[in-house]
Amino acid sequence: MAEERFDFREAEPRWQRRWEEADIYRVERDPSRPKYYALAMFPYPSGKLHMGHVRNYTIVDVIARYRRMKGYNVLHPIGFDSFGMPAENAAIQHGANPAVWTRENIAEMTEQLKQLGYSYDWSRAVYTYREDYYKWTQWLFLQFYKKGLAYKKTAPVNWCPSCQTVLANEQVEGGRCWRCDSEVTKKDLSQWFFRITQYADELLDDLKLLEGGWPDQVRVMQDHWIGRSEGAKVDFTLEATGDKIPIFTTRPDTIYGVTFMVVAPEHPIVEKICTSGLIPEDRVAAIRAFQEKMKHLTEIARTAEDTEKEGLYTGLDVINPFNGDKVQLWIANYVLMDYGTGAVMAVPAHDQRDFEFAKKYGLPIKVVIQNPEGTLKAEEMTEAYVDPGVMVNSGPFDGTPNLEGIAKVAAYAEEQGFGEKTVTYRLRDWLISRQRGWGAPIPIVYCEKCDTVPVPESELPVRLPDDLDFSGQGGSPLARHEGFVNTVCPQCAGPARRETDTMDTFVCSSWYYLRYTDANNAEKAWNQEDVDYWMPVDQYVGGVEHAVLHLLYSRFFTKVLRDMGLVKVDEPFARLLTQGMVLKDGAKMSKSKGNTVSPEEMIARYGADACRLFIMFAAPPERDLDWSDAGIEGAYRFVNRFYRMVVQALPAYRHARSLLPVNPADPASVAGALSEAEIAEGLAKAAPSLTADDRALRRTVHATVKRITADLHERFAFNTAISGLMELTNAIYAYRDKQKSEDANTSALVMAEAVQKAVLMIAPFCPHLAEELWSRLGHPRSVHLESWPVYDEEVARAETVEIVVQINGRVRDRMEVPAGISAAEMEAVARASEKVQALIAGKQVVKVIPVPGKLVNIVVKG
RNA sequence: GCCCGAGUGGCGGAAUGGCAGACGCACGGGACUUAAAAUCCUGGGGCCGCCGCGGCCGUGCGGGUUCGAGUCCCGCCUCGGGCACCA
């Protein structure tokens, strides 16, 4: 037969062109219709698409196409996160111009995205490296600055020696750079920060709003990252000078057990002690040496679990305000300056770290929480006692259960004026400065007279020069560009210098989903009606690697912008799906392992539809997917099997058409196609003459519509939706093989209904195939503008069902019964079974459990 | 160490507490063909037996709840992920 296969090489590009010419995926705000915002995390244009991209974008495309057919006004945009290191590295290594490099990669990836048949509204594409985008990134920075949410401070910050730039805490993973895996060190620098900690509580509390919509895993990771910790701040006093040294503790109930105090080597009190003259020179020298050593250690070396605790006595003592105890003040590697107050009260009896430290340096141990057995003795302890108990050796608190003591001790400190209840967070302010040239310049000018001056909004954008020197030598390329650096002060018109750092690219990606709602606005970042109509994103899909990076930053941005009145939502992404990785042979694809699968090759060999189908079928979306060459072969075969099924049904379809009156008002009807309504009507009239086979196929068709609709609507069970389509296809083939010519009329109608609904349902997965077949059926309009098929509950219901008869939970017989049968009837039928009677003969029936439509379980004894 | 998630045929995977293994891949058999490919049909968890019938075992391991457990509960094992001196 001439039409054995779907000629994807010819058909896919043809339909892509037609869709583009007809602009069928363009959307506009339309308050009269329900909206649906489907979004994939936009790609970094690193060169070509990989299978992870294909999976990500296919998931979102299927969702978008399904919702569109369901009548939603669907926003499904795409763009490129196109500032960042890889472009700059290409410039450094190959002398490429990062703008040109980026543009070329974008062109290539755009081409590939189009080949895959995604239903993007390309008119809304955003490119973060373009002036018309980063102008608004800078504008947002200025809004943050005005509100005091962007500020500059000198602090010890994370430095990646390989990337030659600083990093935010979120971008350091286990002491290593998230991008290049180099060990990160600390450096004292003056840098710009976003005050994300001001939103710590709300970012934490609002995770509750995302329950059910976001994976637990991601919410838990953000919860831990924010790391809210309730406790007390207590002022200890440096005996020699009277200086207050505040400590933070979550265990105020153990405060009578303090036997020494430890501060971070960088703690300011250490500097004060060293220059006070209160301690001998040789001790000062030792402290200095210790500080130096700590400073040059990487985060990993200093904080790794197996790193031994190390410390040094300062030579001075502090006073515990609760009992006036005088204890030694130490510095140690295990106390971190950037958590709490950088100072810790050490209670070795009840804190494992303090315990180890005390043992190593021979410091005293004092039990203040007694275990329920009352057997705890300091000299016999081999580890800290951290379980609940009763407070002892604790002055007025003796006898108090320690869990109650926590609040009581804190309250007492507050009364006495040497402490208070407080909360600390693990979350740090977001360091956004980058010493890199391929990013959005921070719109700030430094004037000798006026100090730090924001660039006026009317002067935005602060343009990135196109002649930067990307030799990789001597710091930021912007700092070396005299023409960029030297400027005039916007306030006094005197000579001034520009800020030469650019913004973290995560700033660019923290608001792109807002820009999509009004992507071409030259006057504003976005128009209010548009953002209010489209936001929030109804379904966001991307990799879990952004659990506390992009996703936390974007939540923060949304809250800040809401407080500024620029958006109305509290959360940007109502639902989040974190898709699994695409593996090959059980391992992550990588060039070095040589196990990569190129989407290009796969599309060339099997077509976009087969690729899309396989990747959606092979595993549930949140699970890792092992790429299988045999698997895509199977998907390819199914595409052709489906194609043949419909093509071979065309004569039946035309016959069905000829049986029904043409509706002159409907161009599709005139053109030879049948509308869903026409088929339904025709079948309603033909109902009395339907054979059992006809009814059985109709039942399968309608049950499949029901099932696939459920799979796609909320569950995102794409793999089972596709298996439903396969089963339907198998059923249609089986039906066709059984047909005899005498029932041609009704059978043609049944067939027409079956294939038409099947084509509609495969449309989200295989848009080209569906479009080709839809037009072959005679429909003049795109299948992607059609409505999702409906099902008739009555038709979908089975006439008879097979039930199982169990005896003591074991299947003993099966029988065919009418579908609507009652529990009592089922029980009677089951008891009547010969097999059952034989098996229960002479035994006592204890209980019978009938489950309507499913089974009957007969419990017998003896 | 702590916190998540996952363990089901040869493989990917399916199963609101109710027939375990849907669907697909790979494999076997058949049809078509001079032949092959493609296609269509068909078989199949394991073990046992009086194999066109029937029995037993079976969802990582051990217990429990239930008429009934892949699914719920308790305790383990293995793998994957996250956090990790956070006071």
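This one's a predicted model, so the numbers in the text were calculated from it and none came from an experiment.

**Q** What am I meant to see in the protein's contact with RNA strand B here?
**A** Neighbouring RNA strand B are 52 residues, the closest being Lys-309, Tyr-339, Arg-353, Arg-814 and Asn-857. For RNA strand B, the fraction of atoms within 4 Å of the protein that belong to sugar or phosphate moieties is 67%. Contact distances for RNA strand B include 3.1 Å between a phosphate oxygen and a side-chain N or O atom of Arg-623. Along the lines of polarity and charge, the residues of the surface near RNA strand B split into 18 nonpolar, 14 polar and 20 charged.

**Q** Help me out: how do you make sense of helix H12 (residues 402-416) in this one?
**A** Because an α-helix packs 3.6 residues into every turn, residues spaced three or four apart end up facing the same way. Between its first and last C-alpha atoms H12 spans 20 Å; for 15 residues at 1.5 Å apiece the expected length is 21 Å, and the two agree. Taken as a whole, H12 has its buried residues at Asn-402, Gly-405, Val-409, Ala-410 and Ala-413. Axial view of H12: buried residues confined to an arc of 130 degrees, hence all on one face. Turned more than 90 degrees off the buried face of H12, the exposed positions are Leu-403 and Glu-415. Elements in contact with the buried residues of H12: strand S10 (229-238), strand S16 (369-370), strand S17 (390-391) and strand S18 (419-424). Phi turns positive, to about 80 degrees, at Gly-417, one or two residues after H12.

**Q** Can you walk me through the pairing of strand S34 (residues 855-861) in this structure?
**A** On a regular strand, one side chain projects to one face of the sheet and the next to the other, so that they alternate. Alignment of strand S31 (residues 800-807) against S34, held across 4 bridges, turns out to be parallel. The residue of S34 that forms the bridge with Gln-806 is Asn-857. Bridge count between strand S33 (residues 844-851) and S34: 7 bridges; the pairing is antiparallel. Residue pairing for S34: Gln-844 is matched across the bridge by Lys-861. If you look at the hairpin formed by S33 and S34, you'll find 3 residues sitting between the two strands, and Gly-853 has a positive phi there, around 75 degrees.

**Q** What am I meant to see in the domain arrangement of chain A here?
**A** For chain A, the assigned domains are domain 1 (138-201 + 429-505), domain 2 (229-424), domain 3 (614-796) and domain 4 (800-861). Distance from the C-alpha centre of domain 3 to the C-alpha centre of domain 4: 37 Å.

**Q** Any chance you could explain the layout of surface pockets here in plain terms?
**A** Empty space left among the atoms is revealed by rolling a probe the size of a water molecule over them. Taken as a whole, the largest pocket spans an internal volume of roughly 1800 Å³. Among the secondary structure elements, those contributing two or more residues to the lining of the largest pocket are helix H2 (51-69), helix H14 (505-508), strand S26 (539-542) and helix H18 (599-606). Among the elements that line the lining of the largest pocket, the one with the most residues is H2, at 5 residues. Residue classes in the lining of the largest pocket are distributed as 19 nonpolar, 19 polar and 11 charged.

**Q** I tried to follow unusual backbone geometry on my own but got confused; where do I start?
**A** Backbone geometry follows two general trends: most residues other than glycine have a negative phi, and most peptide bonds adopt the trans configuration. Of note, the amide linkage connecting Leu-460 to Pro-461 takes the cis form, showing an omega dihedral of 0 degrees. Put simply, Met-535 and Pro-536 share a cis peptide bond, and its omega is 0 degrees. In this structure, Pro-536 sits in the loop between helix H16 (528-534) and S26. The backbone of Asp-181 shows a phi angle near 70 degrees, a positive value even though the residue is not glycine.

**Q** Explanation requested: the nonpolar core in the structure shown.
**A** Taken as a class, soluble globular proteins show a tendency for nonpolar side chains to be buried jointly. In terms of nonpolar packing, the biggest core is built from 203 residues, with Trp-430, Phe-557, Trp-627 and Phe-765 touching the most fellow members. Element by element, the count of residues in this core is highest for helix H20 (residues 629-659), at 14 residues. Built from parts of two domains, this core gets at least three residues from each of domain 1 (138-201 + 429-505) and domain 3 (614-796). Setting aside residues up to four positions removed in sequence, Phe-557 forms contacts with Leu-140, Phe-144, Phe-194, Trp-430, Val-507, Ser-510, Trp-511 and Tyr-513. Cys-274, Phe-290, Tyr-313 and Val-367 belong to the second-largest nonpolar core, a separate cluster that totals 56 residues.

**Q** Would you take a moment to explain the packing of aromatic side chains for this structure?
**A** In this description, a pair of aromatic rings is defined by centroid distance and the angle of the planes. Inspection of the entire model under this criterion finds 54 aromatic pairs. Judged by centre distance (6.5 Å) and plane angle (70 degrees), the rings of Tyr-412 and Phe-418 are edge-to-face. For the ring pair Trp-430 and Phe-556, a centre distance of 6.4 Å and an interplane angle of 70 degrees mean the geometry is edge-to-face. Of this pair, Trp-430 sits in strand S19 (residues 430-431) while Phe-556 sits in helix H17 (residues 550-563), and the two are 126 residues apart along the sequence. Note on accessibility: Trp-430 and Phe-556 belong to one class, buried. Three or more aromatic residues joined by ring pairs make a cluster, and in this case those are Phe-141, Phe-144, Tyr-145, Trp-178, Trp-192, Phe-194, Tyr-199, Trp-430, Phe-506, Tyr-553, Phe-556 and Phe-557. The ring of Trp-19 has Arg-65 sitting right over it, with the charged end atom 5.5 Å from the ring centre. Sitting over the ring of Trp-159, Lys-187 keeps its end group 3.8 Å from the ring centre.

**Q** Hey, could you run me through the sheet that holds S34 in this one?
**A** Two strands in a sheet stick together by hydrogen bonds in their backbones, pointing the same way (parallel) or opposite ways (antiparallel). Across the sheet, which stays open at both edges, the 4 strands sit in the order S32-S31-S34-S33 with mixed pairing between neighbours. A strand with exactly one partner marks an edge of an open sheet, and here the two such strands are strand S32 (810-818) and S33. The average angle at which neighbouring strand axes cross in this sheet is 20 degrees, direction not considered. In the sheet, S31 pairs with S32 via 8 bridges, with the strands oriented antiparallel. The partner of Val-805 across the bridge, within S32, is Asp-813. The strands that helix H28 (residues 823-832) touches are S31, S32, S33 and S34; relative to S33, the one it contacts most, it runs at about 130 degrees.

**Q** Would you explain empty space enclosed by the protein in this entry?
**A** Here the structure, examined in full by the defined rule, presents 2 cavities of 30 Å³ or more. Forming the boundary of the largest cavity are 18 residues, of which Met-85, Arg-434, Arg-436, Asp-504 and Thr-505 lie nearest the centre. In terms of residue class, the lining of the largest cavity is made up of 7 nonpolar, 6 polar and 5 charged. Of the pockets and cavities examined, the second largest cavity occupies roughly 40 Å³.

**Q** Before we go on, may I ask you to explain the sheet that holds strand S9 (residues 185-194) in this structure?
**A** Sheet architecture is open: 4 strands sit in the order S6-S5-S9-S19, paired in antiparallel fashion. Each edge of the sheet is formed by a strand with only one pairing partner; in this case those strands are strand S6 (165-167) and S19. In this sheet, S9 lies alongside strand S5 (residues 150-160) in antiparallel orientation, the contact comprising 10 bridges. In the strand pairing of S9, Ala-150 is matched with Phe-194. Contacts from helix H5 (residues 131-146) reach S5 and S9, with the element oriented near 90 degrees to S9.

The rules behind these values
- Residues numbered from 1 in each chain as written.
- Chains lettered and ligands numbered in written order.
- Predicted model: local features only at pLDDT ≥ 70, side-chain atom pairs only at ≥ 80, totals over all residues.
- Heavy atoms only, no water.
- Near = heavy atom within 4 Å.
- Polar contact = N/O pair within 3.5 Å; in protein donor to acceptor, adjacent residues only side chain to side chain.
- Nonpolar A, V, L, I, M, F, W, Y, C, P; charged D, E, K, R; others polar.
- Helix = DSSP H or I, 4+ residues; strand = E, 2+ residues; numbered from the N terminus.
- Expected span 1.5 Å × (residues − 1).
- Buried < 20%, exposed > 50% of the residue type's maximum accessible area, 1.4 Å probe, protein only.
- Arc of directions from axis to C-beta.
- Contact = heavy atoms within 4.5 Å.
- Pairing = 2+ DSSP bridges.
- Domains from an automatic or database assignment.
- 1 Å grid on protein atoms, 1.4 Å probe; cavity = no way out; pocket = protein on both sides within 12 Å on 5 of 7 lines; lining within 4 Å.
- Points joined across faces, edges and corners; volume = space filled by probe spheres on them.
- Core = buried A, V, L, I, M, F, W, Y, C linked by side-chain atoms within 4.5 Å.
- Phe/Tyr/Trp six-rings, centres within 6.5 Å; stacked < 30°, edge-to-face > 60°.
- Lys NZ or Arg CZ within 6 Å of the ring centre and 35° of its normal.
- Axes fitted to C-alpha atoms, helices over the stretch in contact; angles between N-to-C directions.

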